[in-house]
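Fold and contact review
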Amino acid sequence: EADVFLASLVFDYDDVSAVTAMLDSAEDGRTQKTRLIFECATELMEYNRVGSFSMASAGDGPSGPPPAVKAVLSKFSSGREEDKLAGYLELLKVGPELLKFVPGEKAGDLRTWMEAYRYWNQGGLSNVRSMLQLLVLKTRKNAAAAANAGDLSLPELVVTPATGLLHPLLFDESGSMAYASDPKSYMDWRLSSACAKSAKERKFPLAPDDAPRVALLLYRKHVITGQRYIADLIRAMEAEGLMPVPVFINGVEAHAIVRDWLTSDREVEKVNSGAATREPTYKPNEAAEVDAVVNTIGFPLVGGPAGSMEAGGHVDLSS
């Protein structure tokens, strides 16, 4: 018997059905246990529960965050359904602090849920350990200990940007791995004398400045956990005469990166001639031109969890 259930990235139909059946058959149904469902299919998200906070639908109403939370969330995104995750990640940065000033048990339980997700989303051993410590404090059965849990300070969140660019030669002044904030900044560094000097010192192969540029979409959690294939892939591309533009993302917002941060000489030509228009979310001061995009993530760039799922949910397949 578990006091806490945690699930993340469950989208496959068979998996969703199996987890749903398991949760429905659990003792006390949805009314007791702490359940943290992060970045999963919408059918599972309604099982989120911490204390008095729940995402389950009330009667015939829709499931999901309470109306007040949805109203705040709308201020952090473009309003487009497919951009909600990016807006939600922005909310996570400030939401727990804002909820300190909201009275009521439900606000406190919602804050616990958001803090747990914030640790989980940042990833890494230290943050996961802190999340588990938070859950132990907040779900402890001893009432006096639980009441004092809010007074105990948790370890500081170790933050890695939600999106950014990396390269095995990119370091900060302390010698630690650094991240470029956007493709333009990355390209400015990649074509700089500092990069060439670092490559020479480390005997790292670099593609020529006029080499084809390939945007490389990487899973952020793999960057945080230091998966070796990322550096190997970048090095291999450079050695083969391709200039990688490695962008790490959480996953489902890949379409937004391609839309807002990447362009091509053909697209620039069409926009300049009036044959095409850009999306209003495009960021000209941060974008870079590329010749190709390689997606190493399991999420598609178009449709499915990467885009809007709402329309497909109302299609009558029999017709």
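The sections below set out a description of the structure shown in this document. These numbers come from a predicted model, not from an experiment.

1. Observations concerning a nonpolar patch on the surface
There is a patch of nonpolar side chains on the surface, built from Phe171, Met177 and Tyr179 and spanning about 240 Å² of accessible area. Counting through the fold element by element, Tyr179 comes out in the loop between strand E5 (164-165) and helix H8 (183-190).

2. Digging into the pattern of salt bridges
Tallied over the full model, the rule gives five salt bridges. Asp188 is paired through a salt bridge with Lys184; the nearest N and O atoms lie 3.3 Å apart. Of this pair, Asp188 and Lys184 both sit in helix H8, four residues apart, roughly one helical turn. Ionic pairing is found between Arg278 and Glu267, a salt bridge with its closest N-O pair at 3.0 Å. Separated by 11 residues along the polypeptide, Arg278 in the loop between helix H13 (265-273) and strand E9 (288-289) and Glu267 in helix H13 bring together distant segments of the chain. Judged by its relative accessible area of 32%, Glu267 is partly exposed.

3. Some words on the packing of aromatic side chains
For any two aromatic rings, the description comes down to two numbers: the centre-to-centre distance and the angle of the planes. Scanning the entire structure with this criterion turns up six aromatic pairs. A centroid spacing of 4.6 Å and a plane angle of 20° characterise the contact between Phe38 and Tyr117, whose relative ring orientation is stacked. Here Phe38, found in strand E2 (residues 34-38), pairs with Tyr117, found in helix H5 (residues 105-122); they are 79 residues apart in sequence, far enough to count as distant. On the basis of relative accessibility, which here comes to 2%, the residue Tyr117 falls in the buried class. On the basis of an interplanar angle of 70° and a centroid distance of 5.1 Å, the ring pair of Tyr179 and Phe248 is categorised as edge-to-face. On the criterion of sequence distance, the pair formed by Tyr179 in the loop between E5 and H8 and Phe248 in strand E7 (residues 243-249) is long-range, its members being 69 residues apart. Counting every residue linked through ring pairs, the aromatic cluster contains Phe38, Trp113, Tyr117 and Trp120.

Parameters at a glance
- Residues numbered from 1 in each chain as written.
- Predicted model: local features only at pLDDT ≥ 70, side-chain atom pairs only at ≥ 80, totals over all residues.
- Heavy atoms only, no water.
- Patch = residues over 30% accessible without salt bridge, like charges linked within 9 Å, V, L, I, M, F, W, Y side chains within 5 Å.
- Areas by Shrake-Rupley, 256 points an atom, 1.4 Å probe, with all protein chains shown as cover.
- Salt bridge = Lys/Arg side-chain N within 4 Å of Asp/Glu carboxyl O.
- Helix = DSSP H or I, 4+ residues; strand = E, 2+ residues; numbered from the N terminus.
- Buried < 20%, exposed > 50% of the residue type's maximum accessible area, 1.4 Å probe, protein only.
- Phe/Tyr/Trp six-rings, centres within 6.5 Å; stacked < 30°, edge-to-face > 60°.

Function cannot be inferred from these measures alone, as they are strictly geometric.
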